[in-house]
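# Secondary and tertiary structure notes
Chain residues, written in single-letter form:
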Amino acid sequence: ERILAQLLSSLTLQRITDNELKTPSDHDALTVAELISRLTKSIFSEVDGMQPGEYTPRQPAVDGIRRNLQREYLQRLSNLILNSPGDAAVVAAAELSSLRRSIDNLLAGEINLDVYSRSHLQDVSQRIEKILDARITQSA
């Protein structure tokens, strides 16, 4: 939680944006878009890397620690989307939209998930939908 709070703090995001603007375009620099994309891919790596197997409540596809991490990350992105102006919020919303499509595809696929993982991923998909709807309502 602390690491996510530090990485996604407004101060850190502003510093990354400032560095991005100060760095010549022919040099590599970490961008806010890259940070959010890498965090999402890492934290939700199970979504794109899920292999068919025997998943049970005792051997879930997404274990309890990872589910908690994913919920915390989703909450952090939600706060960013709903409370921050600018590019970081737009990038986070686009990243969540893409994640939701991937989760929905996984849930509709052939992989037989355990009850914990299936319930968790359904909940994440629903939360993402609500976050994105709230963002649209808020901007209107």
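Residues numbered from 1 in each chain as written. Predicted model: local features only at pLDDT ≥ 70, side-chain atom pairs only at ≥ 80, totals over all residues. Heavy atoms only, no water.

## Let's talk about the overall build of the protein
Counting secondary structure elements, the protein contains seven helices and zero strands. Within the protein, the proportion of its 140 residues that are buried is 37%. Once local pairs closer than 6 in sequence are excluded, the contacts in the protein between residues at least 24 apart make up 66%. Only carbon and sulfur atoms are counted for the fraction: they give 48% of the accessible area of the protein, which is about 8700 Å². Between the centroid of the 16 positive side chains of the protein and the centroid of its 19 negative side chains there is a distance of 5 Å. (Helix = DSSP H or I, 4+ residues; strand = E, 2+ residues; numbered from the N terminus. Buried < 20%, exposed > 50% of the residue type's maximum accessible area, 1.4 Å probe, protein only. Contact = heavy atoms within 4.5 Å. Areas by Shrake-Rupley, 256 points an atom, 1.4 Å probe, with all protein chains shown as cover. Lys, Arg positive; Asp, Glu negative; His and termini not counted. Charge placed at Lys NZ, Arg CZ, Asp CG, Glu CD.)

## A closer look at the environment of Asn79
Examined against the element boundaries, Asn79 turns out to sit in helix H5 (residues 64–83). The partly exposed category is assigned to Asn79, whose relative accessible area is 35%.

## Comments concerning the layout of surface pockets
Where empty space is left in the structure can be found by rolling a water-sized probe over the atoms. Here the largest pocket defines a volume of roughly 310 Å³. At the level of secondary structure, the elements contributing two or more residues to the lining of the largest pocket comprise helix H2 (10–22), helix H3 (32–43) and helix H6 (87–108). Ranked by residues supplied to the lining of the largest pocket, first place goes to H2 with five residues. Of the residues belonging to the lining of the largest pocket, the class tally is seven nonpolar, six polar and two charged. (1 Å grid on protein atoms, 1.4 Å probe; cavity = no way out; pocket = protein on both sides within 12 Å on 5 of 7 lines; lining within 4 Å. Points joined across faces, edges and corners; volume = space filled by probe spheres on them. Nonpolar A, V, L, I, M, F, W, Y, C, P; charged D, E, K, R; others polar.)

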